[in-house]
Amino acid sequence: RTQILPTTSSGAATVVPDGGESVVINLDHGDPTMYENFWKQKGEETTVITSGWQHISYFSDIKNVCWFLEPELVSAVTRLHKVVGNAKTDGRHVVVGTGSSQLYQAALFALSPPNASDPMNVVSAAPFYSSYPLMTDYLKSGLHKWAGDAYKFNKQNPYIELVTSPNNPDGSTRQDVVKGHKGILIHDLAYYWPQYTPILSPADYDIMLFTVSKSTGHAGTRIGWALVKDREVAKKMTTFIEINTIGVSKDSQIRAAKILQAVSDSCDGDESFFDYSYKLMEKRWKKIREAVDKTELFSLPDFPPEICSFSGRSFGQLPAFAWLKCEGDVDDCEGFLRRHKILSRGGKHFGASTKYVRISMLCRDSEFELFTKRLPAIIS
Ligand code: PMP
């Protein structure tokens with residue numbers, strides 16, 4: 001009798017016979033389906049039609065360092081960063097990737113010396129995004145290796161530090177933490193958008209990663225972009241993608257460009273995409289905090305308000321994930337919630353305690369409603 005809510009692309013609602021009690025709520029992945037209704041309203045404005053003869057060539061712009069990058073995507077990315085004020089684009093090379101996941105791997109390839117006697121250490125402050133260790137080590141590369149929590153890194157060797165801000169899983173604003181001289185930084189800014197965090201100033205780092213997955217919710221389009229200061233690094237990242245997948249889908253780049261332009265356009269109109277998504281996140285965070293406050297079993301991090309330069313609003317972070325802690329003597333929070341048919345990702349995947357779990361805040365309304373109803377009903 002156990003049911004799982006639909007995760008199909010149509011998102012059609014299923015009939016839940018018993019008020020939802022038998023349903024398994026899957027909040028393990030950060031699948032950003034919550035913006036679907038906004039995009040449904042947009043209809044034709046964001047529809048892309050492609051004829052059979054279009055986008056046939058491997059090449060997009062052979063004069064560009066990233067020769068498979070569609071010029072339309074560059075314009076859309078540059079415009080949106082200017083509208084939002086969340087990153088500097090002047091004097092940067094744009095490198096496109098199949099999601100920012102591919103760009104992460106491209107950056108590791110570009111930043112690890114090819115002939116070193118030992119693999120380059122890769123670190124990030126715990127709790128860190130659970131995919132970093134997996135993506136760093138799955139091919140058992142001789143170029144780089146996962147070296148864990150940046151707070152604990154005390155070797156004198158060179159390292160790459162991933163700075164994720166706002167952070168996945170806990171939503172905190174981050175700076176680099178290793179105080180060495182031999183470090184190279186990659187800033188993963190997937191969540192540095194005004195529905196999740198007050199924008200304080202345009203980010204101005206050497207390598208910055210962004211993705212449509214979390215900015216507009218188009219995870220299935222699989223498009224990310226890197227803003228890279230150094231031409232040689234941008235070239236090596238491009239080489240990685242060339243060897244890996246001989247470029248990035250043009251159809252996807254053109255779709256992503258259309259979506260990003262629509263987001264920029266919406267910022268001149270009545271209701272911007274960021275207004276819509278901010279209000280949705282705010283509503284969800286209010287709800288989850290109310291649910292958690294009804295029980296003694298759980299707690300959530302608090303975030304002090306700051307003024308967002310984009311919206312002028314004063315607010316505390318509204319992270320894409322809730323970093324939920326089991327209070328009291330429950331040590332395995334993931335297992336505890338699973339027994340109540342709530343699937344989450346346990347703290348150990350993020351280099352943290354099993355008393356924590358990461359809960360996706362980006363699901364559809366129906367799942368979120370069930371979750372905030374079920375959570376306070378749990379008794380230990
Ligand atoms: N970085 C962070 C911090 C993420 O949370 C995610 C997605 N969960 C990614 C990168 C990867 O995103 P993409 O879909 O663009 O590969």
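Residues numbered from 1 in each chain as written. Predicted model: local features only at pLDDT ≥ 70, side-chain atom pairs only at ≥ 80, totals over all residues.

What follows concerns the overall build of the protein. If you tally the helices and strands in the protein, you get ten helices and 16 strands. The C-alpha extent of the protein, read off along each of the three principal axes, is 60 × 55 × 40 Å. Burial status across the protein gives 43% buried among its 380 residues. Pairs at least 24 apart in sequence give 70% of the contacts found in the protein among residues at least 6 apart. (Helix = DSSP H or I, 4+ residues; strand = E, 2+ residues; numbered from the N terminus. Buried ≥ 20, exposed ≤ 12 C-beta atoms within 10 Å, placed from the backbone. Contact = placed C-beta atoms within 7 Å.)

Burial analysis of strand β8 (residues 207-211) places five of its five residues in the buried class, the great majority of the element. The alternating pattern of β8 places Ile207, Leu209 and Thr211 on one face and Met208 and Phe210 on the opposite face, and all of these are buried. Alignment of strand β7 (residues 183-188) against β8, held across two bridges, turns out to be parallel. From the neighbouring strand, histidine 187 faces β8, where its bridge partner is methionine 208. As paired strands, β8 and strand β9 (residues 223-228) are joined by five bridges and run antiparallel to one another. Residue pairing for β9: leucine 209 is matched across the bridge by alanine 226. (Pairing = 2+ DSSP bridges.)

Attention now moves to helix α6 (residues 231-245). Relative to the 21 Å expected for 15 residues at 1.5 Å per residue, α6 spans 21 Å between its end C-alpha atoms, a close match to the ideal helical length. Taken together, the buried positions of α6 are Val233, Ala234, Met237, Thr238 and Ile241. All buried residues of α6 fall inside an arc of 140 degrees around its axis, so they share one side. Turned more than 90 degrees off the buried face of α6, the exposed positions are Arg231, Glu232 and Ile243. Looking at the buried side of α6, the elements it contacts are β3 (93-98), α3 (99-111), β8 and β9. Two residues or fewer past α6, isoleucine 246 is found with a positive phi of approximately 50 degrees. (Expected span 1.5 Å × (residues − 1). Arc of directions from axis to C-beta.)

Turning to its location among the elements, leucine 189 is positioned in the loop between β7 and β8. Judged by C-beta crowding, with 22 C-beta atoms within 10 Å, leucine 189 ranks as buried. Leucine 189 sits 151 residues away from phenylalanine 38 along the chain, and the two C-alpha atoms are 23 Å apart.

Each domain of the protein was delimited in the assignment, giving domain 1 (3-40 + 275-377) and domain 2 (71-266). One C-alpha centre belongs to domain 1, the other to domain 2, and the line joining them spans 25 Å. If you look at the interface, domain 1 gives 29 residues, while domain 2 gives 27 residues. The greatest single-element share of the side of domain 1 that touches domain 2, amounting to three residues, is contributed by helix α8 (residues 273-293). Residue classes in the side of domain 1 that touches domain 2 are distributed as 18 nonpolar, seven polar and four charged. (Domains from an automatic or database assignment. Nonpolar A, V, L, I, M, F, W, Y, C, P; charged D, E, K, R; others polar.)

Once that is clear, we can look at the site of the ligand. Contacts to the ligand come from 13 residues, most closely from Gly99, Ser100, Ser101, Thr211 and Ser213. In terms of residue count, α3 provides more of the shell around the ligand than any other element does, three residues in total. (Near = placed C-beta within 6 Å.)

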